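Descriptive structure summary
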Amino acid sequence: MKVKIDGKTVDCRNIWMKSQTINMIDQTRLPFEFRVHKTNNYRETVEAIRKMQIRGAPAIGVAASYGLAQAAIEFKDLEIKKFWKHLDEVTREFLNTRPTAVDMHNMVKRMLGAMKQAETSHQCVKIALRESQKIAEENAKACKNIGLLGRNLIKEGIGVLTHCNTGALGTVDYGTALSIIRFAHYQNKKFIVLATETRPWLQGRLTDWELTQEDIEHYIIADAAAGYYISRGDVQIVLVGADRILSNGDVINKIGTRTLAVLAHENNIPFVVAAPTTSIDLNQKIKNIKIEERDSREITHVKGYNEETQEFQILRLYFTDQVKNPVFDITPAKYVSKIVTENQIIEPPYNLERQLKNK
Ligand code: MRU
């Protein structure tokens, strides 16, 4: 992704691993401070995911894959049985950090499958390093393809409404829904993006930052303003990402997505979901999926940046602690007009198991 630092534009990925260190753009500090956070062992990586220094379904999947490689390095001198006992515990720790997004499950499963081929702990390390790099590369490539395949969905002069942050910051590079926006912009089309602020964690500030880096015209709107703009005819497409897509086309994504889907349906505008195939879950039924609930302080408190002291401050908004904070919701397939993956644009009626095979 493009990042402007001290007047210069550089190309930077969201996450990468060099020797034992994982580097990630710290999303708790943007858009005020651009900082690369480094984790030197799997515990620090678990913590970074939990604190959302890295976030977004594919990005946390890649972070966990790299984190397993860090763990493998740490346990490399253990005999193989002990090595696996420790690695299984670490796997559980990663999977418990953010249970809803399926990419982490899919990528971790792939990592363990590859490592199971090894006979010694040292071989496991080699495989883990190689496989995690492959997973990261494949995500960057998939996200680029999503943008290239989906860009023509954005027509000259339209209004695009997007939710949460689906950009390079939620993936290794390019993004999902935001990759489509990025590549439509590279075609020199003019359009306007309305980006929801996405209460309570305010991922909209990350979308604002990314769109600013690319000089894409956009406005941040309060989540509650979406219906107003859609009903006025200012929006011709709603474009979102996904944390998990089921075979029947149901989409689990950032809280508030369902409201936007119903609004789009009611106003006859397309509701399009963009996600790599690593975000597809062909096995689970909706009733078995855990919707992550996060700390009530995300709602009762607000974090802002004091420009005078150049420090972050946390302020209290509510006296009560009687708060509910589910961070994802479920959009039924009947509201989903299209699903854009790296390989194809899928249309209803959805049977992803069959539709993915046909590609
Ligand atoms: O809680 P977050 O910020 O990790 O949630 C992110 C989303 O819901 C995105 O829409 C999703 O991961 C897909 S795009 C990267």
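Before going into details, it helps to say that this report is about the structure given with it.

Points about the site of the ligand
Of all residues adjacent to the ligand, which total 16 residues, the nearest are Arg55, Arg98, Asp243, Asn253 and Lys254. Separating an oxygen atom of the ligand from a side-chain N or O atom of Arg55 is a distance of 2.5 Å. Computed on the free molecule, the ligand has an accessible area of 410 Å², of which 99% lies beneath the protein chains in the complex. Counting only elements with at least two residues in the shell around the ligand, the list comes to α2 (57-74) and β11 (251-254). Tallied by class, the residues present in the shell around the ligand amount to six nonpolar, six polar and four charged.

Quick notes on the pattern of salt bridges
Between side chains of opposite charge, a pair can form as their charged atoms come close. For the coordinates displayed, the defined rule picks out 19 salt bridges. Two residues, Arg182 and Glu210, come together in a salt bridge whose shortest N-O distance is 2.5 Å. Of this pair, Arg182 sits in helix α6 (residues 177-186) while Glu210 is found in helix α7 (residues 204-213), placing the two residues 28 residues apart along the sequence. We classify Glu210 as buried; its relative accessible area is 2%. Salt-bridge contacts for Asp281 lead to Arg244; the nearest nitrogen and oxygen are separated by 2.5 Å. Residue Asp281 is located in strand β13 (residues 280-281), and its partner Arg244 is located in strand β10 (residues 244-246); the two are separated by 37 residues in the primary sequence. The two residues Asp281 and Arg244 agree in class, both being buried. Sharing partners across several salt bridges, the network here consists of Lys2, Arg182, Glu210 and Glu214.

Considerations on the pairing of strand β15 (residues 311-316)
With six bridges connecting them, strand β14 (residues 301-306) and β15 associate as antiparallel partners. Within β15, the position partnered with Lys303 by the bridge is Ile314. Taking the residues between adjacent antiparallel strands as the criterion, β14 and β15 are bridged by four residues, where Gln310 takes a positive phi near 55 degrees.

Observations concerning α2
Each α-helix winds once per 3.6 residues, and so residues spaced three or four apart point in a common direction. With 18 residues, α2 ought to run about 26 Å at 1.5 Å a step, and its terminal C-alpha atoms sit 26 Å apart, in line with that. Within α2, 17 of the 18 residues are buried, which leaves the element mostly enclosed by the surrounding structure.

A word on the packing of aromatic side chains
Taken as a whole, this structure holds nine aromatic pairs when the rule is applied. Seen from their ring centres, Tyr174 and Phe183 are 5.8 Å apart, and the 35 degrees between their planes marks the pair as tilted. Judged by its relative accessible area of 22%, Tyr174 falls in the partly exposed class. Judged by its relative accessible area of 7%, Phe183 is buried. Here the basic side chain of Lys116 rests over the ring of Trp84, its NZ or CZ set 4.2 Å away from the ring centre.

Description of the sheet that holds strand β5 (residues 36-39)
Here we have three strands laid out as an open sheet, ordered β3-β4-β5, and antiparallel in their pairing. Either end of the sheet is taken by a strand with one partner, and the two such strands are β3 (15-18) and β5. If you compare each strand with its neighbour and ignore which way they point, the axes differ by 25 degrees on average. Across the sheet, helix α1 (residues 42-50) lies against β4 (21-25) and β5, angled at about 140 degrees from β5, the strand it touches most. Against the sheet, α2 engages β3, β4 and β5, with an angle of about 15 degrees to β3.

Structural notes on the side chain of Asp26
By secondary structure assignment, the location of Asp26 is in the loop between β4 and β5. Despite being buried, Asp26 has no salt bridge partner; Arg29 is the closest side chain of opposite charge, sitting 4.8 Å away. Excluding its chain neighbours within four sequence positions, the residues that come into contact with Asp26 are Arg35, His37 and Gln53.

The rules behind each value
Residues numbered from 1 in each chain as written. Predicted model: local features only at pLDDT ≥ 70, side-chain atom pairs only at ≥ 80, totals over all residues. Heavy atoms only, no water. Near = heavy atom within 4 Å. Polar contact = N/O pair within 3.5 Å; in protein donor to acceptor, adjacent residues only side chain to side chain. Areas by Shrake-Rupley, 256 points an atom, 1.4 Å probe, with all protein chains shown as cover. Helix = DSSP H or I, 4+ residues; strand = E, 2+ residues; numbered from the N terminus. Nonpolar A, V, L, I, M, F, W, Y, C, P; charged D, E, K, R; others polar. Salt bridge = Lys/Arg side-chain N within 4 Å of Asp/Glu carboxyl O. Buried < 20%, exposed > 50% of the residue type's maximum accessible area, 1.4 Å probe, protein only. Pairing = 2+ DSSP bridges. Expected span 1.5 Å × (residues − 1). Phe/Tyr/Trp six-rings, centres within 6.5 Å; stacked < 30°, edge-to-face > 60°. Lys NZ or Arg CZ within 6 Å of the ring centre and 35° of its normal. Axes fitted to C-alpha atoms, helices over the stretch in contact; angles between N-to-C directions. Contact = heavy atoms within 4.5 Å. Lys, Arg positive; Asp, Glu negative; His and termini not counted.

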